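Structure at a glance
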Amino acid sequence: MNSAIEWNNRYQTTAHKPPPCQVLAAYTHLLPSSGTALDLACGLGANALLLARHGLDTYAWDYAQTALERLQAYAVTQPGQIHTQVRDVSVSKPSPATYDVIVVCHFLDRSLVSALIQALKPNGLLFYQTFTRTCVNDCGPKNPEFRLRDNELLLMFADLQVVVYQEEACIGDTTQGLRNEALLIARKIPFDKGNSIHTSSALE
Ligand SMILES: C[S@@+](CC[C@H](N)C(=O)[O-])C[C@H]1O[C@@H](n2cnc3c(N)ncnc32)[C@H](O)[C@@H]1O
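**Description of the site of the ligand**
- For the ligand, the set of nearby residues contains 17 residues, the closest of which are Y11, A41, D62, D88 and C105.
- Interatomic distance of 3.4 Å between a side-chain N/O atom of S90 and a nitrogen atom of the ligand.
- When the ligand sits alone it has 600 Å² of accessible area, and the protein chains cover 90% of it.
- Across the shell around the ligand, the residue classes tally to eleven nonpolar, three polar and three charged.

**Re the environment of L126**
- Secondary-structure assignment places L126 in strand β5 (residues 120–131).
- By relative accessible area, which is 1% here, L126 ends up buried.
- Between the alpha carbons of L126 and A186 there is a distance of 5.3 Å; along the sequence they are 60 residues apart.
- With residues up to four places along the chain from it excluded, the contact list for L126 reads I102, L120, F157, L160, L184, I185 and A186.

**Some thoughts on the pairing of strand β2 (residues 57–62)**
- Two elements, strand β1 (residues 36–40) and β2, share five bridges in a ladder whose sense is parallel. Directly across from L40, in β2, lies its bridge partner W61.
- Following the chain from β1 across helix α3 (residues 46–53) to the adjacent parallel β2, one finds a crossover that is right-handed.
- As judged from the five bridges shared by β2 and strand β3 (residues 82–86), these two strands associate in the parallel manner. Note on β3: the bridge partner recorded for D62 is V86.

**Structural notes on the sheet that holds β1**
- Taken together, the seven strands give an open sheet; going across it, the order is β3-β2-β1-β4-β5-β7-β6, and neighbouring strands pair in mixed fashion. The sheet terminates laterally at β3 and β6 (161–166), the two strands that pair on one side only. Across the sheet, the mean angle from the axis of one strand to that of its neighbour is 15 degrees, orientation sign disregarded.
- Pairing analysis gives six bridges linking strand β4 (residues 99–105) to β5, with the strands arranged parallel. Looking at the pairing, V104 lines up with Y128 of β5.
- Relative to the sheet, helix α4 (residues 65–75) contacts β2 and β3, its axis offset from that of β3 by approximately 165 degrees.

**Some details on unusual backbone geometry**
- We note that N151 has phi near 65 degrees; this positive angle belongs to a residue other than glycine.
- Its relative accessible area of 40% is what places N151 among the partly exposed residues.
- Of note in the backbone geometry, A169 takes a positive phi value of approximately 50 degrees without being a glycine.

**Quick notes on the side chain of D62**
- Among the structural elements, D62 can be located in strand β2.
- No salt bridge forms around the buried D62; measuring N to O, its nearest opposite-charge neighbour R10 is 11 Å away.
- Within the structure, the side chain of D62 is placed 2.8 Å from the backbone nitrogen of A64, a separation counted as a polar contact.
- Ignoring sequence-local partners within four residues, the contact set of D62 consists of A41, C42, G43, L68, Q85, V86 and R87.

**Some remarks on α4**
- Listed as buried for α4 are T66, A67, L68, R70, L71 and A75.
- Packing partners of the buried residues in α4 comprise α1 (4–13), α3, β2 and β3.

**Some points on the pattern of salt bridges**
- If you walk through the whole model with that rule in mind, you get six salt bridges.
- K121 is the partner of D100 in a salt bridge, and the nearest nitrogen-oxygen pair spans 3.4 Å. With D100 in strand β4 and K121 in strand β5, this pair connects stretches of sequence that are 21 residues apart.
- Notably, a salt bridge pairs R149 with E152, separated by 3.7 Å at the nearest N-O pair.
- Residue classification places E152 among the buried positions, given a relative accessible area of 10%.
- Beyond isolated ion pairs, a larger network of salt bridges with shared partners links R110, R133, E145, R149 and E152.

Conventions we followed
Residues numbered from 1 in each chain as written. Predicted model: local features only at pLDDT ≥ 70, side-chain atom pairs only at ≥ 80, totals over all residues. Heavy atoms only, no water. Near = heavy atom within 4 Å. Polar contact = N/O pair within 3.5 Å; in protein donor to acceptor, adjacent residues only side chain to side chain. Areas by Shrake-Rupley, 256 points an atom, 1.4 Å probe, with all protein chains shown as cover. Nonpolar A, V, L, I, M, F, W, Y, C, P; charged D, E, K, R; others polar. Helix = DSSP H or I, 4+ residues; strand = E, 2+ residues; numbered from the N terminus. Buried < 20%, exposed > 50% of the residue type's maximum accessible area, 1.4 Å probe, protein only. Contact = heavy atoms within 4.5 Å. Pairing = 2+ DSSP bridges. Right-handed = clockwise from strand over helix to strand, strands pointing away. Axes fitted to C-alpha atoms, helices over the stretch in contact; angles between N-to-C directions. Lys, Arg positive; Asp, Glu negative; His and termini not counted. Salt bridge = Lys/Arg side-chain N within 4 Å of Asp/Glu carboxyl O.

Set out below in structure tokens:
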């Protein structure tokens, strides 16, 4: 994985500001109108900016200070609160039952899965989008360890209720659709209401 130094250098030398990721931009209507949100490994924070504009009290964490400085400069030009923090998220994980919304985009650290699930409040929503090993071109990380296996997002967050899942792989006209990436929106159900199907019983 790139180090914080490498990411800082990258943010210092590129003027490019990516837009909010599709998992958030296409499903903004699923966001609560108030509450607390976290953009984890936020980079320049396009997702954090969208969450804050939507009215959520937004936290944005990344270990690249340069990115957060640029995010703070963007944030003053729009309504909403963004609390930026320089933080190694693999070491300082989010606290349990703290966020109504968590967004993770183009970042994959499998050791964070259980902390992310725990960090959601009851009914909290996880928006996750990142690169897949099955891809139609070479965009994204070269190291397969930082790319999802087929169906992996579903398996990682099997304890959450799936709201939206998209993984188009190389099916059909690969010049269209979401390619090279998978996206998941999933909800933390407060308790087992007795109407969820668990994989093992569904297969019996
Ligand atoms: C590909 S960028 C994605 C940024 C943003 N989420 C987006 O979609 O535009 C990956 C980001 O993860 C950050 N990152 C990588 N490892 C990290 C870690 N252990 N702790 C905090 N940030 C990390 C990098 O600094 C970089 O900003």
